[in-house]
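# Geometric and topological summary
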Amino acid sequence: MTNPMQAKRHPFKDHAPKHFRFETDADGRVATITLDRPEKKNPLTFESYEELGNLFRSLHRASDVRAIVITGAGGNFCSGGDVFEIIEPLTKMAMPDLIDFTRLTGDLVRQMRACPQPIISAIDGICVGAGAIIAMASDHRLATPEAKTAFLFTRVGLAGADMGACGILPRIIGQGRAAELLFTGRVMSAQEGLAWGFHNALHERDALLPAAQKFARMLADGPWFAHAMTKKMLDQEWAMGIDQLIESEAQAQAICMATGDFRRAFEAFAAKAKPAFEGN
């Protein structure tokens, strides 16, 4: 008998977006999103914001993708919103359209955090504005020594409070460091990012994407249902007191203990073998 919930899932291996590249490895488990406008350092447009948000929203129905790498083409990650395709039109909009836009951009972060698959950013060169936000919203960040990250909103007369930055960035690097970056818009060097915990590791340019994809593959071959639960709890517990979060983790772990993957891991351990996780 067909499982009706499993029947709702479908492979993304052949997904073909219009405004960025999307590729997977042979079995579809690791997807790589490449922002691909290298001549302008991979800026976002109204269309790419929306298409990225819709992709992350839909990935909870993926039957194949279990981890995601996001990177940029041509030696840069992302230069933020395109100056002439986004910034200039915004200066001519009335408030109702402006709030519609800022909710659209914020929804990208919301969908990245709600997406059950771990997201790994592979950051080289310029990573500023909305590009820095995409990196911030990822679960794991690898960079090259040449990476330059800046939350430069104040440099264009805007607040540092953009797409969740005032709530998320302090949780990654601390309140004082986040405040400095958000007030000044200055560049955080790769070495600062590593020391502050924004970057998980630095790799030379040629090794960056392979390292990100290797890490993504390790996660994809692991207990991906449990990884999705870990990601959900990392987000959910931000707004919880200690008693509530301990109870929530008790429930989450009990759910994971009821999966076949938990039993398979025990049986593999007992047999001195490597577990083959199936995500159920």
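Rules and cut-offs
Residues numbered from 1 in each chain as written. Predicted model: local features only at pLDDT ≥ 70, side-chain atom pairs only at ≥ 80, totals over all residues. Heavy atoms only, no water. Helix = DSSP H or I, 4+ residues; strand = E, 2+ residues; numbered from the N terminus. Rg over C-alpha atoms; globule rule 2.2 N^0.38 Å. Buried < 20%, exposed > 50% of the residue type's maximum accessible area, 1.4 Å probe, protein only. Contact = heavy atoms within 4.5 Å. Areas by Shrake-Rupley, 256 points an atom, 1.4 Å probe, with all protein chains shown as cover. Phe/Tyr/Trp six-rings, centres within 6.5 Å; stacked < 30°, edge-to-face > 60°. Pairing = 2+ DSSP bridges. Axes fitted to C-alpha atoms, helices over the stretch in contact; angles between N-to-C directions. Arc of directions from axis to C-beta. Core = buried A, V, L, I, M, F, W, Y, C linked by side-chain atoms within 4.5 Å. Disulfide = S-S within 2.5 Å. Salt bridge = Lys/Arg side-chain N within 4 Å of Asp/Glu carboxyl O.

### Section: the overall build of the protein chain
- Helix and strand counts for the protein chain stand at 11 helices and 9 strands.
- Taking 19 Å as the expected radius of gyration for a compact globule of 280 residues, we find that the protein chain reaches 19 Å, a close match to that expectation.
- By principal-axis analysis of the C-alpha atoms, the protein chain measures approximately 60 × 45 × 40 Å.
- Within the protein chain, the proportion of its 280 residues that are buried is 45%.
- In the protein chain, 69% of the contacts between residues at least 6 apart in sequence involve partners at least 24 apart.
- When the accessible surface of the protein chain is split by element, carbon and sulfur atoms take 58% of a total near 14300 Å².

### A short note on the packing of aromatic side chains
- In the structure shown here, the tally under the stated rule is 3 aromatic pairs.
- Between phenylalanine 46 and phenylalanine 101, the ring centres sit 5.4 Å apart and the planes meet at 75°, which makes this aromatic pair edge-to-face. With phenylalanine 46 in helix H1 (residues 46-58) and phenylalanine 101 in helix H3 (residues 95-114), this pair connects stretches of sequence that are 55 residues apart.
- Exposure remark for phenylalanine 101: the relative accessible area of 12% places this residue in the buried category.

### Some thoughts on the sheet that holds strand S1 (residues 21-24)
- Read across the open sheet, the 6 strands follow the order S1-S2-S3-S4-S6-S9; overall the sheet is mixed. The open sheet is flanked by S1 and strand S9 (201-202), the only strands paired with a single partner.
- This element, H1, spans S1, strand S2 (30-35), strand S3 (67-72) and strand S4 (119-123) of the sheet and lies at about 170° to S2.

### Quick word on helix H11 (residues 260-270)
- All buried positions along H11 are accounted for by Gly260, Asp261, Arg264 and Ala268. Projected down its long axis, H11 shows its buried positions confined to an angular sector of 95°, all on one face. In H11, the exposed positions angled more than 90 degrees off the buried face are occupied by Phe266, Phe269 and Ala270.
- Positive backbone phi, approximately 55°, marks lysine 272, located one or two places after H11.

### Examining the side chain of threonine 105
- Mapped onto the secondary structure, threonine 105 falls in helix H3.
- Looking at threonine 105, the relative accessible area reads 4%, which means it is buried.
- Not counting chain neighbours up to four residues away, the residues in contact with threonine 105 comprise Tyr49 and Met163.

### Regarding the nonpolar core
- Core analysis: the largest hydrophobic core is formed by 51 residues, its most contacted members being Ile33, Phe56, Leu59 and Phe151.
- When sequence neighbours within four positions are dropped, the list of residues in contact with phenylalanine 56 reads Ile33, Ile68, Leu108, Gln111, Met112, Cys115 and Ile119.
- Within the second largest apolar cluster, 12 residues are counted, among which are Val30, Leu142, Ala211 and Ala216.

### Structural notes on the state of the cysteines
- One pass over the structure, following the stated rule, counts 0 disulfides.
- Considering cysteine sulfurs only, cysteine 78 is the nearest to cysteine 127, which forms no disulfide, with 7.4 Å between them.
- Cysteine 166 takes part in no disulfide bond, and the closest cysteine sulfur to it belongs to cysteine 127, at a distance of 17 Å.

### With respect to the sheet that holds strand S7 (residues 148-150)
- The 3 strands are arranged S5-S7-S8 in an open sheet whose pairing can be described as mixed. The strands lining the two open edges of the sheet, one partner per strand, are strand S5 (126-128) and strand S8 (188-189).
- Looking at chain direction, S5 and S7 are connected through 3 bridges and run parallel. Across the sheet, the residue bridging to isoleucine 126 is lysine 148, located in S7.
- Relative to the sheet, helix H4 (residues 130-137) contacts S5 and S7, its axis offset from that of S5 by approximately 85°.

### Digging into the pattern of salt bridges
- Scanning the entire structure with this criterion turns up 22 salt bridges.
- Taking the shortest distance from any N to any O, the salt bridge between lysine 92 and glutamate 88 comes out at 3.9 Å.
- Given the relative accessible area of 65%, lysine 92 is considered exposed.
- Salt bridges here are not isolated pairs; linked through shared partners, they connect Asp25, Asp27, Arg29, Arg217 and Asp221.

### So, H4
- Where burial is concerned, most of H4 is hidden: 8 out of the 8 residues are buried.
- All of the buried residues along H4 are Ala130, Gly131, Ala132, Ile133, Ile134, Ala135, Met136 and Ala137.

### Observations concerning the environment of aspartate 97
- Tracing the backbone shows aspartate 97 in helix H3.
- Considered as a pair, aspartate 97 and phenylalanine 84 are 13 residues apart in the sequence and their alpha carbons are 17 Å apart.

### What about unusual backbone geometry?
- Although it is not a glycine, asparagine 42 adopts a positive phi angle of roughly 60°.
- One can find asparagine 42 in the loop between S2 and H1.
- Given a relative accessible area of 0%, asparagine 42 falls into the buried group.
- Even without a glycine there, the phi angle at methionine 163 is positive, about 55°.
- By the element assignment, methionine 163 lies in the loop between S7 and helix H5 (165-173).

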